[in-house]
Amino acid sequence: MFSDALNVELIDLLKDTLTGIKYDKHEINAKLAELGKAHPDLAAQIDDVSTWLTSEMEG
């Protein structure tokens, strides 16, 4: 995963969270929700990524 975002911690967390999980909207939403709970300071940004990512997936 690559981003030019200023928050490198978020990108690393997303990469670690999404690596190895099934390409499925429900599983991605669940994992990112867990990540948001574990990092409340980043929860709004994680939610934005989750919304964007699952909206880009077909089906």
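The text that follows walks through the structure, step by step, so that each part is easy to find.

**Considerations on helix 1 (residues 8–18)**
Think of an α-helix as turning once every 3.6 residues; residues three or four places apart then point the same way. Among the residues of helix 1, those classed as buried are Leu 10, Ile 11, Leu 13, Leu 14, Thr 17 and Leu 18. Along the axis of helix 1, the buried positions cluster into a sector of 165°, meaning they face one direction only. Exposed side chains of helix 1 directed beyond 90 degrees from the buried face belong to Val 8 and Asp 16. Buried residues belonging to helix 1 abut helix 2 (25–38) and helix 3 (43–56). Following helix 1 by one or two positions, Gly 20 has its phi on the positive side, about 85°.

**A look at a negative patch on the surface**
On the surface, a cluster of negative charge is made up of Glu 9, Asp 12, Asp 16 and Asp 41. Examined against the element boundaries, Glu 9 turns out to sit in helix 1. Residue Glu 9 is classed as partly exposed on the basis of its relative accessible area, which comes to 42%.

**Quick word on the packing of helix 2 against helix 3**
Contact geometry of helix 2 with helix 3 gives a least axis separation of 9 Å together with a crossing angle of 175°. As summarised for this structure, helix 2 and helix 3 are arranged roughly antiparallel, according to the angle between their axes. Along its contact with helix 2, which presents Lys 25, Ile 28, Asn 29, Leu 32, Leu 35 and Gly 36, the element helix 3 presents Ala 43, Ile 46, Ser 50, Leu 53 and Thr 54. Residues of the contact of helix 2 with helix 3, tallied by class, amount to six nonpolar, four polar and one charged.

**Focus on the side chain of Thr 17**
Here Thr 17 shows up in helix 1. Other than its neighbours up to four places away in sequence, Thr 17 contacts Lys 31, Leu 32 and Leu 35.

Scoring rules and cut-offs
Residues numbered from 1 in each chain as written. Predicted model: local features only at pLDDT ≥ 70, side-chain atom pairs only at ≥ 80, totals over all residues. Heavy atoms only, no water. Buried < 20%, exposed > 50% of the residue type's maximum accessible area, 1.4 Å probe, protein only. Helix = DSSP H or I, 4+ residues; strand = E, 2+ residues; numbered from the N terminus. Arc of directions from axis to C-beta. Contact = heavy atoms within 4.5 Å. Patch = residues over 30% accessible without salt bridge, like charges linked within 9 Å, V, L, I, M, F, W, Y side chains within 5 Å. Areas by Shrake-Rupley, 256 points an atom, 1.4 Å probe, with all protein chains shown as cover. Salt bridge = Lys/Arg side-chain N within 4 Å of Asp/Glu carboxyl O. Lys, Arg positive; Asp, Glu negative; His and termini not counted. Charge placed at Lys NZ, Arg CZ, Asp CG, Glu CD. Axes fitted to C-alpha atoms, helices over the stretch in contact; angles between N-to-C directions. Parallel < 35°, antiparallel > 145°, perpendicular 65-115°, else oblique. Nonpolar A, V, L, I, M, F, W, Y, C, P; charged D, E, K, R; others polar.

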